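Listed below, chain by chain, are the residues.
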Amino acid sequence: MIEEKIDVKITPTQESRINQVDWENLPFGKIFSDHMLEMNYINGKWSTPEIKPFSQLSLHPATSAIHYGQSVFEGMKAVRGEAGDVLLFRPEKNAQRFKESCERMCMATIEPDIFVQLVKQIVDVDRDWVPQKEGYSLYIRPFMFATDDYIGIKPSGTYKFLIFTCPVGHYYSKPVKVKIEEYYSRAVEGGVGRAKTSGNYAASLYPAKKAQEEGFDQLIWTDAKEHKYIEESGTMNVVFEIDGKLVTPSEESDTILKGITKRSVLEIAQSMGIEVEERKVTVEEVITAIKEGRLTDAFGAGTAATIAPIQTIGYRGELYEVPMEPRETSNKIKEYLVNLKTGKIKDPFGWIIKV
Ligand SMILES: *Cc1c(COP(=O)(O)O)cnc(C)c1O
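A. Just the packing of helix H5 (residues 260–271) against helix H7 (residues 328–341), in detail. Relative orientation of the contacting elements H5 and H7 amounts to 110 degrees, with a least axis distance of 10 Å. If you check the angle between H5 and H7, you find them roughly perpendicular. Here H5 and H7 pass one another in a crossing that is right-handed. For the pair H5 and H7, contact is made by Thr261, Ser264, Val265, Ile268 and Ala269 and by Ile333, Tyr336 and Leu337, respectively. Tallied by class, the residues present in the contact of H5 with H7 amount to six nonpolar, two polar and no charged.

B. Structural view of the site of the ligand. Contacts to the ligand come from 15 residues, most closely from Lys196, Tyr201, Glu232, Thr261 and Thr303. Here Thr261 contributes a side-chain N or O atom positioned 2.6 Å from an oxygen atom of the ligand. Residue Thr303 places a side-chain N or O atom 2.5 Å away from an oxygen atom belonging to the ligand. Against a free-state accessible area of 380 Å², the protein chains account for coverage of 97% of the ligand. In terms of residue class, the shell around the ligand is built from four nonpolar, seven polar and four charged.

C. Unusual backbone geometry, seen in detail. Of note, the bond from Glu325 into Pro326 is cis; its omega dihedral lies within 30 degrees of zero at -5 degrees. When you line up the elements, Pro326 lands in the loop between strand S18 (318–321) and H7. Unusually for a residue other than glycine, His227 sits at a positive phi of about 55 degrees. Within the secondary structure, His227 is located in the loop between strand S11 (218–222) and strand S12 (230–233).

D. The nonpolar core, seen in detail. If you look at the biggest cluster of nonpolar residues, it comprises 51 residues, and the most contacted ones within it are Leu118, Met144 and Phe161. For this core, the secondary-structure elements that each account for two or more residues are strand S2 (35–42), strand S5 (71–73), strand S6 (76–80), strand S7 (86–89), helix H2 (91–104), helix H3 (112–125), strand S8 (137–146) and strand S9 (159–168). The residues touching Leu118, leaving out its near neighbours within four places in the chain, are Ile6, Val8, Leu37, Met39, Pro49, Phe161 and Ile163. Within the second largest apolar cluster, 22 residues are counted, among which are Phe240, Val247, Ile290 and Tyr320.

E. Representation of the packing of aromatic side chains in the model. Tallied over the entire structure, the rule returns 19 aromatic pairs. Ring centres 5.1 Å apart and planes at 15 degrees place the aromatic pair Phe32 and Phe54 in the stacked group. Highlighted residues: Phe32 in the loop between strand S1 (9–10) and S2 and Phe54 in the loop between strand S4 (50–53) and helix H1 (64–68), separated in sequence by 22 residues. Judged by its relative accessible area of 24%, Phe32 falls in the partly exposed class. Taking the centre distance of 5.1 Å and the plane angle of 40 degrees together, the rings of Phe98 and Phe115 count as tilted. Of this pair, Phe98 sits in helix H2 while Phe115 sits in helix H3, and the two are 17 residues apart along the sequence. Among the aromatic residues, those joined into a cluster by ring pairs are Tyr41, Trp46, Phe98, Phe115, Tyr159 and Phe161.

F. Highlighting the side chain of Asn339. Relative to the elements of secondary structure, Asn339 occurs in helix H7. Using a relative accessible area of 18% as the deciding quantity, one classes Asn339 as buried. Sequence-distant contacts of Asn339, that is, excluding residues within four places in its chain, are made with Lys344 and Ile345.

G. Inspection of the pairing of strand S16 (residues 295–302) at higher detail. For S16, the tally of buried residues reaches seven of eight residues, placing the bulk of the element in the interior. The pairing of strand S13 (residues 237–242) with S16 spans six bridges and is classified as antiparallel. Across the sheet, Ile242 pairs through a bridge with Leu295, a residue of S16. When S16 meets strand S17 (residues 306–315), the two strands line up antiparallel, connected through four bridges. Across the sheet, the residue bridging to Ala301 is Ile307, located in S17. Turn length for the S16-S17 hairpin, with the two strands adjacent in sequence and antiparallel, is three residues.

So, how was this worked out
- Residues numbered from 1 in each chain as written.
- Predicted model: local features only at pLDDT ≥ 70, side-chain atom pairs only at ≥ 80, totals over all residues.
- Heavy atoms only, no water.
- Axes fitted to C-alpha atoms, helices over the stretch in contact; angles between N-to-C directions.
- Helix = DSSP H or I, 4+ residues; strand = E, 2+ residues; numbered from the N terminus.
- Parallel < 35°, antiparallel > 145°, perpendicular 65-115°, else oblique.
- Left-handed = near helix turned anticlockwise from the far one by under 90°.
- Contact = heavy atoms within 4.5 Å.
- Nonpolar A, V, L, I, M, F, W, Y, C, P; charged D, E, K, R; others polar.
- Near = heavy atom within 4 Å.
- Polar contact = N/O pair within 3.5 Å; in protein donor to acceptor, adjacent residues only side chain to side chain.
- Areas by Shrake-Rupley, 256 points an atom, 1.4 Å probe, with all protein chains shown as cover.
- Core = buried A, V, L, I, M, F, W, Y, C linked by side-chain atoms within 4.5 Å.
- Buried < 20%, exposed > 50% of the residue type's maximum accessible area, 1.4 Å probe, protein only.
- Phe/Tyr/Trp six-rings, centres within 6.5 Å; stacked < 30°, edge-to-face > 60°.
- Pairing = 2+ DSSP bridges.

Shown next, in the form of structure tokens:
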């Protein structure tokens, strides 16, 4: 396939803020790079994308996304490679997922190869914002929302697509304590759980807050019908090691977000000869395996944290501890994945894209 090269209008900032950044102390998602990319969908087509100084948006009060939630996003990272170059990890996967999220939310779409080009361009313009420090990265937030100024409920005819970036440090520093949720639901079959759409996260705030009041960091969602099957965590997919195999809920139902980190973990595991099972996973099976000492690892997988070890699982008022040692498999996979992303080792998969 020939890549369609797109024109981007670039208006550089007159006053870079890069010297004001405290590179040792980067709170997640609060520091914004100098530029953002903007593209508008009007009259059935996308305008010329523009990279311009990061700024406020001016919106009509009836902007339909604010009222009815046609809004989707992605999350990905650029990191410093060994030689100081800037690397992306499987951006075409984010592009494809973005398109599918847009389709589900009845929004305009962007072809994946265009999406990847736009991500590369904005990262290139702000490449000095990609942190040098090991383990740090430039978080990339592409998003799109409906902009019709009309309060009737119908698919918007106009959309705004933006990308901004944030230099970030480590996401999780300590192992997490999760609660298996049996009342509230994140997604139902036929719903929008598979889409990275804003309302999913709004809906999860209240149940998550209640769990936090009980001392948990996050929830593990279960299926909405029976609360019998494990689904995923807040913004992470979950993987268990049971009887030496990696076990994770399958994506067949449309209630689970198709995580790129999880997919990569499974593919790496398979390449290492580790057995992988994607299937329905019952809560009971997990709890029984912990009790019988057959569950040797549990972790969340997502772009922000890469692999977040789960130390404690709360279920029906009891706390179950997952052994923190040795966690050989997930440590090995995490090390491999981190080395791969930063270009420290050869990339046999073709996942790393240089900016
Ligand atoms: C983004 C997200 C994930 C993780 O996906 P990655 O592609 O690995 O970052 C998992 N679950 C939910 C609900 C998410 O929003």
